[in-house]
Amino acid sequence: MTAASGPAARTPADLVAAAWEALRGVKDPEIPVLDVVELGVVRDVRAEGGAGPVEVTITPTFSACPAMHVITAEVRSAVESLGVEARVVTRLSPPWTSDDMTDEAREKLRAFGIAPPERHGGLLEIALDAPVRCPRCGHPDTRLRNAFGSALCREIRTCRACGETFERFKPL
């Protein structure tokens, strides 16, 4: 690494862009097909200078999400891999909602066999009562089997058309 290409040669904007790219490599430990950026957990990335430090603001999907300790450590590690100091700040307000997920994340969930939440724009009561499409066959006739799946943010459903049992990522 030459002096011209080292960390001191980066602008804060270059460092922020590199940090966002590094964070796309941090997978959600509970849903490894999603990264924390497309999940909407990463809220902000700031750099004080081209050599850092870099501050990453994250918001948990649930305030008691057990994966946040792992996510925090992996976010810190991803940014530190750029050769700069990393600060990870957890912010609870505004709270994370499933609307923060990207459309790409929703499609990845569907392909993984988890019914993604539909966008609700804050109308959560309507979203919770809306038909849930089976990720396997796409049929909307599904029934709730258990309000909690393998994680607090998921529920277990069965499709009445194809018989598939699947998890749904709850709209929040």
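Cut-off values and rules
- Numbering of residues starts from 1 in every chain and runs along the sequence as written.
- Given that this is a predicted model, residues contribute local features only at a pLDDT of at least 70 and side-chain atom pairs are listed and counted only at 80 or more, while totals for whole chains, interfaces and linings are drawn from all residues.
- Excluded from the side-chain calculations are hydrogens and water; all other atoms, namely the structure's heavy atoms, are used.
- Here an angle of 0 to 180 degrees is reported between the N-to-C directions of two axes, which are lines fitted to C-alpha atoms, with helices fitted over the stretch in contact.
- Strands are runs of DSSP state E lasting at least two residues, helices are runs of H or I lasting at least four, and both sets are numbered from the N terminus onward.
- Note that the term roughly parallel is reserved for angles under 35 degrees, roughly antiparallel for angles over 145, roughly perpendicular for angles of 65 to 115, and oblique for everything else.
- Here a crossing is called left-handed whenever its near helix is offset anticlockwise from the far helix by less than a right angle, and right-handed whenever the offset is clockwise.
- We call two residues in contact when some of their heavy atoms are within 4.5 Å.
- For each domain, the first and last residues come from an automatic or database assignment.
- We define buried area as the total accessible area lost by two parts upon association, computed with a 1.4 Å probe and summed across both.
- For this analysis, a salt bridge means a side-chain nitrogen from Lys or Arg found within 4 Å of a carboxyl oxygen belonging to Asp or Glu.
- N or O atoms closer than or at 3.5 Å make up a polar contact, with two conditions inside protein: a donor-capable atom paired with an acceptor-capable one, and, for residues adjacent in sequence, both atoms drawn from side chains.
- Ten residue types, Ala, Val, Leu, Ile, Met, Phe, Trp, Tyr, Cys and Pro, are classed as nonpolar, four, Asp, Glu, Lys and Arg, as charged, and the remainder, Gly among them, as polar.

**Student:** What is the right way to read the packing of helix α1 (residues 12-23) against helix α2 (residues 68-80) from this model?
**Tutor:** Packed helix pairs are specified by the crossing angle of their axes together with the interaxial distance, meaning the distance between the axes. Packing of α1 against α2 brings their axes to within 9 Å, and their N-to-C directions diverge by 135°. Considering their axes alone, α1 and α2 lie oblique with respect to each other. Every pair of crossing elements has a handedness; the one defined by α1 and α2 is right-handed. Listed contacts from α2 to A19, A22 and L23 of α1 are V75, A78 and V79.

**Student:** Please clarify how the domain arrangement of the protein should be interpreted in this entry.
**Tutor:** A common way to express how large an interface is: the accessible area buried when the components associate. According to the domain assignment, the protein consists of domain 1 (12-90) and domain 2 (101-169). Distance between the C-alpha centres of domain 1 and domain 2: 27 Å. Both faces considered, domain 1 and domain 2 share a buried interface measuring about 1000 Å² in area, 72% of it formed by carbon and sulfur atoms. Summed over the shared surface of domain 1 and domain 2, the result is one salt bridge. A salt bridge links E38 to K108, with the nearest nitrogen and oxygen atoms 3.1 Å apart. One can count three residue pairs in polar contact (both at pLDDT 80 or more) joining domain 1 with domain 2. Split by residue class, the side of domain 1 that touches domain 2 holds six nonpolar, no polar and two charged.

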